[in-house]
Structures are given as C-alpha cells and as structure tokens.
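An overview of the molecular structure
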2 protein chains.
Amino acid sequence: MFIIPFRSLTPVLQKSDHIFTQILSKSSSQQNMVKKALVFLAPGAEEMEFVIAVDVLRRGGVDVTVAGIPDSNVVKCSRDVYIKPDIGVAQSSAKGPYDVVVLPGGLGGSKAMAESQEVGNILKNQECSGGLIAAICAAPTVLKAHGIAEGKELTSYPAMKAQLEEGGKYKYSECKVVVDGNLITSRGPGTAFDFALTVVDQLVGKDKAVEVAKAMLLDY
Amino acid sequence: MFIIPFRSLTPVLQKSDHIFTQILSKSSSQQNMVKKALVFLAPGAEEMEFVIAVDVLRRGGVDVTVAGIPDSNVVKCSRDVYIKPDIGVAQSSAKGPYDVVVLPGGLGGSKAMAESQEVGNILKNQECSGGLIAAICAAPTVLKAHGIAEGKELTSYPAMKAQLEEGGKYKYSECKVVVDGNLITSRGPGTAFDFALTVVDQLVGKDKAVEVAKAMLLDY
C-alpha cells in the first residue's frame, strides 16, 4: 500500500554501452531534479487546504504550479479569499509532466473540478504515467467523477463517505491520511498539514518532511 | 489575564430615562451585532497564517475585511501565493471600528507592517479604544515597532524571542497561544488554527469556536 512508483528511477536498459551510459547519466540527473507539482484552484476551493498544500510543498523544495479553473483569472474561494493562479488549466500540460497533481477540497471547487474535462484528462494522464495524485476533503469525489483510482483505498471529508462508497469503486478509510500506491487522500482543513507533509515525504523524503514540519512548529 | 473588554457592553448611564432606554436598546442591539475584524495583508505575509485567520474567523460568523499594504493590489506572499485584498489600508478606517485587528506573520509582511505609518495609527487607535489585537509568528515584532501592548505577556515565532525580550517591554511566554487582556499572540503556522479559534472564542464565544473547530475536524 505504501509503495510509490518513482518514474524517474526507471531507466530502460539498452544494448549499446554508449546509449546505456547516457541513459544512466540522465536517470541520475533526474533523481536529483526538483520535483514538480500541479495544484488546481477552482472557484469555491477551500482556501486553507489550497494554501497549506502549496506553501508546504514549496517549503519542501517542490516546484509548484497553480492552475486556475477555468483560466488564470483571480479565483474566489469558499470563504471569499481571492487568489490568483499562476496559469490557466489549459496551459498546465505544457509545464508538465508533474510528479504530483493536487486537488484541494471545498464543495464549489470540487464541483468545478468534477465538471472540467481538462481536469479529467490531466488526472487520466497522471494515472496512466504512474504519477502521484493527492486529494483532500471533498476532492476525492472528483476522482470518482472522472473514474480515477478505482479499486483503491481512500478517505475524504466525512460528509462525502456515502457518495464515495456508493457503487463499490473504493475502499473507504477514516484515517487522517491514506496512501494507497500512487494515491494520497485526506479529510479536511484539520488534516491539511498532515496531508501536505505526506506529499513532501513521498516526493522528496521523510527527512525533508520532518524538517519542514519542525520549521512550522509541527511534528511529523 | 483573560478578561477581554467588550466595548459594546459598556453603556454610559444617563439621568434621563428616555435617553437611558435608548442607550440600553442600542447596547442590546450591539451585543447581537456581527463582530468585525480587520486583517492586514502585506507583501511577504505567511499565506497559511493569513488564510487560516480569515477563513476561521469567517466560519465563526465574523465580518472580515482584508486590508492590503500598501494598497488593494494583489499581494505576493512568502511562498509566492498571490492574494487580492478587499481594500487598501488607507480605506480601512472608514469601514471600522473593528472588534479585532489581526496581524499575520511572515518576515517580509511583518517588516512592511512595522514600517507602515497607517498600520501604526490603526494599532494605536485599536489599543486606545480597548479593541482586540491579535498577532502571530513574526508579527508581534510589529507591535514592538509601533510601541503597542507594552507591559503585556506575549509569544511569537521562537526566532523572534530575543528581539521581543530586548528592552524589557514584554513578558515572553512559550505557550502556543497567549491571551493577555486585549492582546492575543501565537507562534507560527502550526499554531495558526489555535490562534484563529482563540480569536473566535474571545469575540463570539467558546461554543462557536468549538463548533467551527469540529467542522474543520479539529478539537478546541
């Protein structure tokens, strides 16, 4: 359940020594490369879950891109905080691939992400390529809407439990953070730090997650 | 240490019954009035501390105004999240008085607030009128810069301890949240929920703080 496929650690073996050396060299360089995250920001997003994810990942040295839905204009979040995305979702693929795609919660934001064909396509590509997907609060319902991570164990905001259990596509857990293969899910604002630190742990390593937590006066 | 002066609960006694009735009536109406908060947003503000304060206060039914420094343009926060204030600081007095003025942390944001004459004036007026002042992380240094809350007990991000102790103006505490009269202070991102919930508790009541915490999957 806790094995994460690191795409950058999968060099293809070649017969030619020259080519093999090149690939090993590239692989070694990729291991040291900064990890990349895409975080969606849709109208009605829960601003604490959004900001904690972005801030904690950037503290962890992750290169975070915030993709606005439907575009790069300022987004009104669930409690009327106005946040400007880095780019619009249509431009996000050009900046990828991403090591993780993060979906913050909030009812309005989750509805917008569930209805977005572009979000669906990005999630399907991320799943096919074995990259991490991380969703919190109401956002795991977005995965169900797009047919992502079926068969996996996940959690969500408690009010979404029935919706996620209906149809038997997922195994529901009530843990604060659930990691199942390349899927990370969590429950709400009160678990948002644990959620973001788990993403840092999986992408960069436990030492970095512990270091970031300590600087924020938290334990991990 | 935990007594908060509620300005709206201080009717002035008058000899005329008529006037006295009017004042009682006004006082009763003020007791039921929505509480008002002013939250500063300056370049380099710690976006988690800012957003958690605004979001939690709004969940608690507080009418929150976000005042940008120096103006109402989009602000680049400490981890490159871009947030749009509701108004510029120069317009904030016209929307007051406020039951609480909140100062989020972040080194850059605190420096900008410490250097702002408008912030200094607002804090001095708030202190003179007995309203609440709440500061977290690096922001208690803003109080020192403007000569606010001298003689009071406070806390801050650990790295600011020496600066706040120097000169003997404050009694330093290492508690997560410190309430001393009309001053509420706290330590960093990891204590930001406790900080914001304490402000809700002091302004609206403990029942509301417990209710808001529960909906976020936290205890208070």
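An unreviewed UniProt entry lists chain A under the name Protein dj-1beta, with Sitophilus oryzae given as the organism. Listed in UniProt under the heading Subcellular location (unreviewed entry), the comment for chain A reads: "Cytoplasm".

1. Some thoughts on the overall build of chain A
Within chain A, the regular secondary structure consists of eight helices and eleven strands. For chain A, the proportion of its 220 residues judged to be buried stands at 53%. Of the contacts formed within chain A by residues at least 6 apart in sequence, a portion of 62% connects residues at least 24 apart. Summed over its atoms, the accessible surface of chain A is roughly 9,500 Å², and 53% of this surface lies on carbon and sulfur atoms.

2. Topic: the nonpolar core
Grouped together as the largest cluster of nonpolar side chains are 78 residues, with contacts concentrated most on V56 and L57 of chain A together with I52, V56 and L57 of chain B. Residues contacting L57 of chain B, with those up to four places away along its chain left out, are A37, V62, V64, V100, V102, A196, V199 and V200 of chain B.

3. Some words on the layout of surface pockets
Considering only enclosed or pocket space, the largest pocket measures out at about 470 Å³ in volume. The wall of the largest pocket is formed by 20 residues, among which G190, D194 and L218 of chain A together with G190 and L218 of chain B lie closest to the centre. Looking at the lining of the largest pocket element by element, the count peaks at four residues for helix α7 (residues 192-203) of chain A. The class makeup of the residues in the lining of the largest pocket is ten nonpolar, four polar and six charged.

4. A closer look at the confidence of the model for chain A
Residues and elements named next belong to chain A. Across chain A, the average pLDDT comes to 89, with 85% of residues at or above 70. Within chain A, the lowest mean pLDDT, 42, falls on helix α1 (residues 17-32), and the highest, 99, falls on strand β7 (residues 132-136). When the criterion is pLDDT under 50, residues 1-30 qualifies, and its contacts beyond four places in sequence or with other chains add up to 35 contacts. For this predicted complex, the interface confidence reaches an ipTM of 0.87, while the overall pTM sits at 0.87.

5. Here we look at the sheet that holds strand β1 (residues 36-41) of chain A
Residue and element names in this part refer to chain A. An order of β5-β2-β1-β6-β7-β11-β10 is seen for the seven strands of this open sheet, with the pairing classed as mixed. In the strand order of this sheet, the two ends are held by β5 (87-88) and β10 (177-180), each with one partner. Against the sheet, helix α2 (residues 47-59) makes contact with β1, β2 (63-68), β6 (100-103) and β7, and its axis sits at roughly 155° relative to β2, the strand it touches most. Together, β1, β6 and β7 form the strand contacts of helix α4 (residues 117-128), whose direction differs from that of β6 by roughly 140°.

6. Things to note about empty space enclosed by the protein
One pass over the structure, following the stated rule, counts two cavities of 30 Å³ or more. Within this model, the second largest cavity holds a volume of roughly 40 Å³. In this structure, the second largest cavity is lined by F50, R58, V66, I83, K84 and D86 of chain A together with D80, V81 and Y82 of chain B. Contributing elements (two or more residues each) for the lining of the second largest cavity: α2 and β4 (82-84) of chain A.

7. Remarks on the packing of aromatic side chains
Counted according to the given criterion, the structure contains one aromatic pair over all chains. A ring pair is formed by F193 of chain A and F193 of chain B, whose centres lie 6.3 Å apart and whose planes are at 90°; its orientation type is edge-to-face. Taken as a pair, F193 of chain A in helix α7 and F193 of chain B in helix α8 (residues 192-203) lie in two separate chains rather than in one. Taking the relative accessible area as the measure of exposure, F193 of chain A reaches 8% and is therefore buried. Stacked on the ring of Y98 of chain A, the Lys or Arg K36 of chain A has its end atom at 5.7 Å from the ring centre.

8. A look at the sheet that holds β4 of chain A
Read from one edge to the other, the open sheet built from four strands follows the order β3(A)-β4(A)-β4(B)-β3(B), with strand pairing classed as antiparallel. Among the strands making up the open sheet, the edge pair consists of β3 (75-76) of chain A together with β3 (75-76) of chain B. Pairing between β3 of chain A and β4 of chain A: two bridges, direction antiparallel. Of the residues in β4 of chain A, the one forming a bridge with V75 of chain A is I83 of chain A.

So, how was this worked out
- Residues numbered from 1 in each chain as written.
- Chains lettered and ligands numbered in written order.
- Predicted model: local features only at pLDDT ≥ 70, side-chain atom pairs only at ≥ 80, totals over all residues.
- Heavy atoms only, no water.
- UniProt positions renumbered as here; feature names shortened; annotations may be inferred.
- Helix = DSSP H or I, 4+ residues; strand = E, 2+ residues; numbered from the N terminus.
- Buried < 20%, exposed > 50% of the residue type's maximum accessible area, 1.4 Å probe, protein only.
- Contact = heavy atoms within 4.5 Å.
- Areas by Shrake-Rupley, 256 points an atom, 1.4 Å probe, with all protein chains shown as cover.
- Core = buried A, V, L, I, M, F, W, Y, C linked by side-chain atoms within 4.5 Å.
- 1 Å grid on protein atoms, 1.4 Å probe; cavity = no way out; pocket = protein on both sides within 12 Å on 5 of 7 lines; lining within 4 Å.
- Points joined across faces, edges and corners; volume = space filled by probe spheres on them.
- Nonpolar A, V, L, I, M, F, W, Y, C, P; charged D, E, K, R; others polar.
- pLDDT = per-residue confidence, 0-100.
- Pairing = 2+ DSSP bridges.
- Axes fitted to C-alpha atoms, helices over the stretch in contact; angles between N-to-C directions.
- Phe/Tyr/Trp six-rings, centres within 6.5 Å; stacked < 30°, edge-to-face > 60°.
- Lys NZ or Arg CZ within 6 Å of the ring centre and 35° of its normal.

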